[in-house]
Amino acid sequence: MRLPDFKQHDLFNQLRRRMNAQLVDWSESGIWNSIDIDEILVTTGHDIAPEELAVAGDGTLEYEGRKVVVYIRDQLVQYKPYKFHVADCKTLTQMRLNNRYDRYVVSNRTDGTFTINSTEQGRIVEKGVDEKLSICWNCLIRLNYKGFANCNQQTKNWILKSFTLGEFFGKYTSQIRIEPTHNNVTAPANEYTVNWSNISRGYKERVNWRCEECHVSLHDKREYLHVHHKDGNKNNNISENLQALCIACHANLPYHHHLIRKSEFIAYMNWWHKHRGPTHG
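Asker: Before we move on, can you summarise the pairing of strand 12 (residues 242-246) with the specific residues and values?
Answerer: Along strand 12, five of the five residues are buried, which leaves the element largely enclosed by surrounding structure. Both strand 11 (residues 225-229) and strand 12 contribute to a ladder of five bridges, which runs antiparallel. Along strand 12, the bridge assignment pairs His226 with Leu245.

Asker: Mind laying out the pairing of strand 11, listing which residues take part and the relevant values?
Answerer: The buried fraction of strand 11 amounts to five of the five residues, a majority that puts the element mostly inside the structure. Residues Leu225, Val227 and His229 line one face of strand 11 and the alternating positions His226 and His228 line the opposite face, and both faces are buried.

Asker: Which residues make up the nonpolar core, and what values do they have?
Answerer: Side chains of a nonpolar character, in soluble globular proteins, are inclined to be buried together. Membership of the largest hydrophobic core comes to 36 residues, with the highest contact counts inside it found for Phe84, Val86, Tyr145, Phe163, Leu165 and Phe168. For this core, the secondary-structure elements that each account for two or more residues are strand 3 (61-63), strand 4 (66-72), helix 3 (90-97), strand 7 (104-107), strand 8 (113-120), helix 4 (137-143) and helix 6 (165-172). Considering each element in turn, this core owes the most residues, five residues, to strand 4. Counting residues in each nonpolar core, the second largest holds 24 residues, with Leu218, Leu225, Leu245 and Cys249 among its members.

Asker: Any details on the packing of aromatic side chains? Residues and values, ideally.
Answerer: One pass over the full model with this rule turns up 15 aromatic pairs. Judged by centre distance (6.5 Å) and plane angle (40°), the rings of Tyr224 and Trp271 are tilted. Here Tyr224 is found in the loop between helix 7 (196-206) and strand 11, whereas its partner Trp271 is found in helix 9 (residues 263-275), with 47 residues between them in sequence. Note on Trp271: relative accessible area 15%, which makes it buried. Here the aromatic rings of Tyr268 and Trp272 are separated by 6.5 Å at their centres, their planes lie at 35°, and the arrangement is tilted. Residue Tyr268 and its partner Trp272 are both found in helix 9; the two are separated by four residues, about one turn of the helix. The class of Tyr268 is buried, set by a relative accessible area of 0%. By relative accessible area, Trp272 is classed as buried at 8%. Among the aromatic residues, those joined into a cluster by ring pairs are Tyr71, Phe84, Phe114, Tyr145, Phe163, Phe168, Phe169 and Tyr172. When the ring centre of Phe148 is taken as origin, the NZ or CZ atom of Lys156, which lies over that ring, is 5.4 Å away. Its end group placed over the ring of Tyr192, Lys234 keeps NZ or CZ at 5.6 Å from the ring centre.

Asker: How would you sum up the sheet that holds strand 8? Please name residues and give values.
Answerer: Hydrogen bonds between backbone groups are what pair the strands of a sheet, and the pairing can be parallel or antiparallel. Pairing is mixed across the open sheet formed by three strands, whose spatial order is 5-8-9. Looking at strand neighbours, the two that pair on one side only are strand 5 (74-76) and strand 9 (123-132), the edges of this open sheet. On average, each strand axis in the sheet is tilted by 40° relative to the strand beside it, whichever way the strands run. Across three bridges, the pairing between strand 5 and strand 8 is parallel. Each residue of the ladder has a partner; that of Gln75, found in strand 8, is Ser118.

The rules behind the values
Residues numbered from 1 in each chain as written. Predicted model: local features only at pLDDT ≥ 70, side-chain atom pairs only at ≥ 80, totals over all residues. Heavy atoms only, no water. Buried < 20%, exposed > 50% of the residue type's maximum accessible area, 1.4 Å probe, protein only. Helix = DSSP H or I, 4+ residues; strand = E, 2+ residues; numbered from the N terminus. Pairing = 2+ DSSP bridges. Core = buried A, V, L, I, M, F, W, Y, C linked by side-chain atoms within 4.5 Å. Phe/Tyr/Trp six-rings, centres within 6.5 Å; stacked < 30°, edge-to-face > 60°. Lys NZ or Arg CZ within 6 Å of the ring centre and 35° of its normal. Axes fitted to C-alpha atoms, helices over the stretch in contact; angles between N-to-C directions.

Structure, rendered in structure tokens:
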């Protein structure tokens, strides 16, 4: 559709003259400064509408394909500092129910410091202040981060004190959804290649039959060492996509919890408790 030439429109020109606005020549070859959303997210943060924030299957928060945290920018002096959120916890749920969710902004800064406005009696008294915020307790429960939901108070305090966004993003960003390369017609069958047994054994030998996560040596218990495909594609056997894991570490990965029901897992845990110690890892 071709737009009309508004310079020839009488009502437009009358309004322009009343506003004392000048006509400016525009060229599509001019330089435009586009918005760098990544730069905004790691500095001042970005205001969002509730529907713009996505909740991943693991409960973490995403914005335009990026893992993010959310926090309240305008903070009451007498109550600050508030917490930041990394998951769709019960605090955020309550905020949505109370129609107060639009108070939040998204960010993916990793230093735990966020730009806030200090407010008092409905007025901003200090604007654009960098404030150190701490992780929301309910978020850690929602994600059961490092077993937070089920551990004792001393361990909870340690997890809270040692929490870093750098570690959090390092763990959860790797699980972010990516647009698939193939469709239902072109996608290869997700099954092991015919030479998988040789590839798997060769990889285990290269890591000296040791779990690459907890570092337990299984040279004498080789049946408990698995080779995991990091991207979930059983056809992708490049070394960078493989990881040797004991069955316990393998079962701890997303989408692999079914392994704990196998007799092999139970046998391994019995062996571990008997020969290695009271707890795994």
